[in-house]
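If you want the building blocks of each chain, they are given just below.
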Amino acid sequence: MGDNLLEISLARFLTRCGMTVQEIGIPYMDKRYQAAELALLEKTCNEMGTPLPKITEKPDNYNQIQRIQELHPDLVITGMAHANPLEARGISTKWSVEFTFAQIHGFGNTRDILELVTRPLRRNNNLKDLGWEKLVKEEAKV
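Scoring rules and cut-offs
Residues numbered from 1 in each chain as written. Predicted model: local features only at pLDDT ≥ 70, side-chain atom pairs only at ≥ 80, totals over all residues. Heavy atoms only, no water. Salt bridge = Lys/Arg side-chain N within 4 Å of Asp/Glu carboxyl O. Helix = DSSP H or I, 4+ residues; strand = E, 2+ residues; numbered from the N terminus. Buried < 20%, exposed > 50% of the residue type's maximum accessible area, 1.4 Å probe, protein only. Arc of directions from axis to C-beta. Polar contact = N/O pair within 3.5 Å; in protein donor to acceptor, adjacent residues only side chain to side chain. Contact = heavy atoms within 4.5 Å. pLDDT = per-residue confidence, 0-100. Core = buried A, V, L, I, M, F, W, Y, C linked by side-chain atoms within 4.5 Å.

S.K.: Honestly, the pattern of salt bridges in this entry has me stumped. Any pointers?
M.R.: Here the idea is simple: oppositely charged side chains can pair when their charged atoms come close. Under the criterion given, the structure shown has 9 salt bridges. A salt bridge links R16 to E47; its shortest N-O distance comes to 2.5 Å. Here R16 is found in helix α1 (residues 7-16), whereas its partner E47 is found in helix α2 (residues 31-48), with 31 residues between them in sequence. For R16, a relative accessible area of 41% translates into the label partly exposed. Note on E47: relative accessible area 46%, which makes it partly exposed. One network of salt bridges, with partners in common, ties together R16, K43 and E47.

In structure tokens, the structure reads:
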């Protein structure tokens, strides 16, 4: 669920790191300017043996949330408005705006990107020991 126009390059990077990116929600995509990045994403997916993510321009948030609920991914990178409702339903999230303001540009900062992505996964894993899963109700579906 994107909002920073880094979605395609971020998906490519995460695919290269071994993640399976199921969907890219992007607010606006001009294929004239993003053609090279789209081609590199496709090439990366082919090399890594993963399916090409579904790209949804100007996503309908209701339908996208329904797909997230069905897929139940390990992590959703989303805007702040959707993070808390998804977290309340047991879906780990990361605020997309953090990628905008983080110093992640260039090869020297790849560790910082991975730190941003894995932080919520590690946090929720640590909370399991405290009974966090009992606080999240399975009936509370989106």
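That was the structure; now back to the text.
S.K.: Would you mind going over helix α4 (residues 80-88) with me for this structure?
M.R.: Since one α-helical turn is 3.6 residues long, residues separated by three or four positions face the same way. Burial in α4 covers these residues: H82, A83, L86 and E87. Each buried residue of α4 sits inside an arc of 130° when the element is viewed along its axis, so together they form one side. Seen from the open side of α4, the exposed residues pointing more than 90 degrees away from its buried face are A81 and N84. A positive phi of about 85° marks G90, the residue just after α4.

S.K.: Which parts of the structure should I look at to understand the environment of R32?
M.R.: Structurally, the position occupied by R32 is in helix α2. On the accessibility criterion, R32 (65% relative accessible area) is exposed. Reaching out from R32, the side chain makes a polar contact with the side chain of D30 at a distance of 2.6 Å.

S.K.: Where do I start with unusual backbone geometry in this structure?
M.R.: In most cases, non-glycine residues show a negative phi, while peptide bonds are predominantly trans. Look at H72: it is not a glycine, yet its phi comes out positive at around 45°. Along the chain, H72 turns up in the loop between α3 (61-71) and β3 (76-78).

S.K.: Help me out: how do you make sense of the side chain of T44 in this one?
M.R.: Looking at where T44 falls in the secondary structure, it is placed in helix α2. Only 2.7 Å separates the side chain of T44 from the backbone oxygen of L40, close enough to count as a polar contact. Beyond its immediate sequence surroundings of up to four residues, T44 is in contact with R12, T15 and R16.

S.K.: Is there a simple way to explain the confidence of the model for the chain in this structure?
M.R.: Should the pLDDT be low somewhere, the predicted coordinates at that spot are not to be read in detail. Averaged over all residues, the pLDDT of the chain is 83; the fraction at 70 or higher stands at 87%. Here helix α7 (residues 132-135) is the element of the chain with the lowest mean pLDDT, 66, and α2 is the one with the highest, 94.

S.K.: Just to check I follow, could you spell out the nonpolar core for this structure?
M.R.: Soluble globular proteins tend to bury their nonpolar side chains together. Within the largest apolar cluster, 18 residues are counted, with the highest numbers of intra-cluster contacts made by I8, L14, I24, L41, F99, I113 and V117. Mapped by element, the contributors of at least two residues to this core are α1, β1 (23-26), α2 and α6 (110-128). Counting residues per element, this core draws most heavily on α1, at 5 residues. Filtering out sequence-adjacent residues up to four positions away, I24 remains in contact with E7, I8, A11, L41, P53, K54, I55 and T56.

S.K.: Even after reading the chapter, I still don't get the environment of L40, so can you show me in this structure?
M.R.: Along the chain, L40 falls in helix α2. Residue L40 is classed as partly exposed on the basis of its relative accessible area of 35%. Residues L40 and R12 lie 28 residues apart in sequence; the distance between their C-alpha atoms is 7.5 Å.

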